[in-house]
Amino acid sequence: MNESKSLKSSPLYEQVADKVARLIQQGTLQTGDRIPSVRQLRSQLGVSVTTVLEAYRLLESEGLVEARPQSGYYVRSQQQDLPPEPSISAPEAIATPVGVGSLVSEILAAARNPEMFPLGASVNSPALLPTLKLNRVLAKIARHADVNSNVYDLPPGNEHVRRRIARRSLTWGGSLTAEEIVTTCGCMESLNLCLKAVAKPGDVIVVESPVFYGFLQILESLGMKALEIPTHPRDGVSLEALDAAIRTHPVKACLLTPTFSNPLGSCMPEENKQQLVEMLAQAQIPLIEDDVSGDLYFDANRPKPAKAFDREGMVLLCSSFSKVLAPGYRLGWTAAGRFQPQVERLKYANTLSNPVLLQLAIAEFLQSGSYDHHLRQLRQAYAIQVQRMSQAVSQFFPKGTKITRPQGGFLLWVELPETVDSLELYRQAMQQNISIVPGPIFSTTQRYQNCIRLNCGYPWSREVEQAVNVLGQLAGAIARTA
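What this report covers is the structure whose coordinates are included nearby.

## Some details on the overall build of the protein chain
Stage number 1. Counting its regular elements, the protein chain contains 16 helices and 17 strands.
Stage number 2. A globule of 482 residues ought to have a C-alpha radius of gyration of about 23 Å, and the protein chain, at 23 Å, matches this closely.
Stage number 3. For the protein chain, long-range pairs separated by at least 24 residues make up 76% of all intrachain contacts whose partners lie at least 6 apart in sequence.
Stage number 4. Summing over all exposed atoms, the protein chain offers an accessible surface of approximately 20,600 Å²; the carbon and sulfur share of this is 49%.
Stage number 5. One way to put it: in the protein chain the 47 positive side-chain charges average out to a point 5 Å from where the 45 negative ones average out.

Structure representation (C-alpha cells):
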C-alpha cells in the first residue's frame, strides 16, 4: 500500500519524522549512522521532497539528527546533550503518619479538565489505546454471552481472564496458575487489599523516596505510617538502607515498585530484586510489589518482577491493564502468595466482584494475540515520547536542571535548580493551562521542593513542545527572581 495513503491525521512531515525517530529509538539507526537520503525516503514513502526535508528539519531541531555538509543527515548522540541524572535520595529514617492534603485532588481534577495540557497525572493518551478494537471484542462477547455473564463473579474472579493472566507470567520466567490470581478493580484495589491483608492501622510500611502519591493516599486512608528509603533514580531502592531500616524499625511490610517506579522510572537490577526478596523473606516481612508498568520496557526483554524470585509466598504481586490497555475497564489483579485467602475475603467485603463481560473481553483480547501487537507499538511510542521530552527539557529548562533516564514507562522526574519552588511553578503553570505534578506530594515530609514529575503519555507534537517551552521559561523566571 502506498505509504502516503496510510498516514493519518497529523501533518505529513511530522509522521515521517516519527518513523525515523522510531528507528533511532529502537536501535535500528544508531549514533553516527547515516539516515536515508532525502531522495531515498521520498521514494520509499511516496511523499514529496519538501515533506522529507521538513521532517528532517524537525528531527534536527529536536536533537535527534544532525546535518553534515555535502554528506547528508546522521543520527546524533543523545546522551551527551542531556542534563545529568539526580543523585540518590536521602530521606530521614523516620516513620511518619501520612497526610497528602488536597493538592492531589487538585492534580486529579486538572487531569479531567479538557482545557488543561496533560503534563501532570500519569495518564496515557486515548489515541494510543486500541479502544475501538476492544469495543468490538466486548460487543461480540455480549452478543454471545449466556445468562451466566450477568451474575456476581465472586473472588477470585473470572477463570478465563485469570488463566490468560497466569499464562503471561511465562514472559518473565514465572509459572503462576489461574488459582493463584485474584482479579480486582484496578491495581489500586490490589494494593489496598494486600496492605489490609498484612498490616493494620499504625503499622510501619516501607516505601521508596520519592514515592508515588497514590501509595501515600492508600496509607493515609488505612492509618498506616510510611518509612521512606533512599532510592537511586536508575537502580531503585537502596538495599543497604532497607536492611538498616528493617533492623531498627518495626517494619510490617514493604510497598515498592521495583520495575519502572513512579515517579523516578527506576528499575532494580535482577540481582538486587533477588537479594531484596531473600532479605525480606528472612525477616518474614511481606513485599507488596506494584508491577503496573512492567510490560512497558524499552529494551529487548521484559524485566523480571521480584515475584520471579519468590520461593516462600511472601511477595504479593499487583498489576492491572489500566496503563497499557483499558483504564476504563478497571481490571487489576494480584498474585498474593500465602496471603491469598485473606485477600479473597477482603475483596468480597470490599467490592464483591468485577464485571463479568469486561473480564471476558480482556481475556479474549489477550488470547487473540492482539495484546502483544498493541504492546509493541505502545512501547515504541513511549520510548520516543520519553526521549523527546528529555531533549525538550534539556533545551528549554534552566541551567542546573537534572533529569532521570527511565528505560520503561512514560514518566520523567525533573530536578530543578534549588532556587525553583515547584509549588510556585505548579501554580504558574496552572494559570497557563498546563498541569504538572510538584515534588512535595511524593514525600511524607514534603521533600523535593525543587522537583516535578512530567507525564510523557501523549504523542509528541508541537503543542507538547510548546508547553514544555513555557514550563522552562516559567522555571527560569522563578530561578532568576529567587
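Let us keep going from here.
## Digging into the sheet that holds strand β17 (residues 451-455)
Stage number 1. Strand order across the open sheet formed by 4 strands is β13-β14-β17-β16, with antiparallel pairing between neighbours. Each end of this open sheet is capped by a strand with a single partner; those strands are β13 (402-403) and β16 (437-438).
Stage number 2. Pairing analysis gives 2 bridges linking β16 to β17, with the strands arranged antiparallel. Its bridge partner lying in β17, P438 is registered against I452.

## Remarks on the packing of helix α3 (residues 38-45) against helix α4 (residues 49-61)
Stage number 1. For the pair α3 and α4, interaxial distance at closest approach is 9 Å and the crossing angle is 115 degrees. Like other packed secondary-structure pairs, α3 and α4 cross with a definite hand, here right-handed. Taken together, the residues of α4 that come into contact with α3 (itself represented by V38, L41 and R42) are V49, V52, L53 and Y56.
Stage number 2. Considering only residue class, the contact of α3 with α4 consists of 6 nonpolar, no polar and 1 charged.

## A few points about the side chain of D310
Stage number 1. Within the element layout of this structure, D310 appears in the loop between β10 (287-290) and β11 (315-320).
Stage number 2. For D310, the side chain forms a polar contact with the main-chain nitrogen of E312, separated by 3.2 Å.
Stage number 3. Apart from the residues within four sequence positions on either side, D310 is in contact with V277 and V315.

Parameters at a glance
- Residues numbered from 1 in each chain as written.
- Predicted model: local features only at pLDDT ≥ 70, side-chain atom pairs only at ≥ 80, totals over all residues.
- Heavy atoms only, no water.
- Helix = DSSP H or I, 4+ residues; strand = E, 2+ residues; numbered from the N terminus.
- Rg over C-alpha atoms; globule rule 2.2 N^0.38 Å.
- Contact = heavy atoms within 4.5 Å.
- Areas by Shrake-Rupley, 256 points an atom, 1.4 Å probe, with all protein chains shown as cover.
- Lys, Arg positive; Asp, Glu negative; His and termini not counted.
- Charge placed at Lys NZ, Arg CZ, Asp CG, Glu CD.
- Pairing = 2+ DSSP bridges.
- Axes fitted to C-alpha atoms, helices over the stretch in contact; angles between N-to-C directions.
- Left-handed = near helix turned anticlockwise from the far one by under 90°.
- Nonpolar A, V, L, I, M, F, W, Y, C, P; charged D, E, K, R; others polar.
- Polar contact = N/O pair within 3.5 Å; in protein donor to acceptor, adjacent residues only side chain to side chain.

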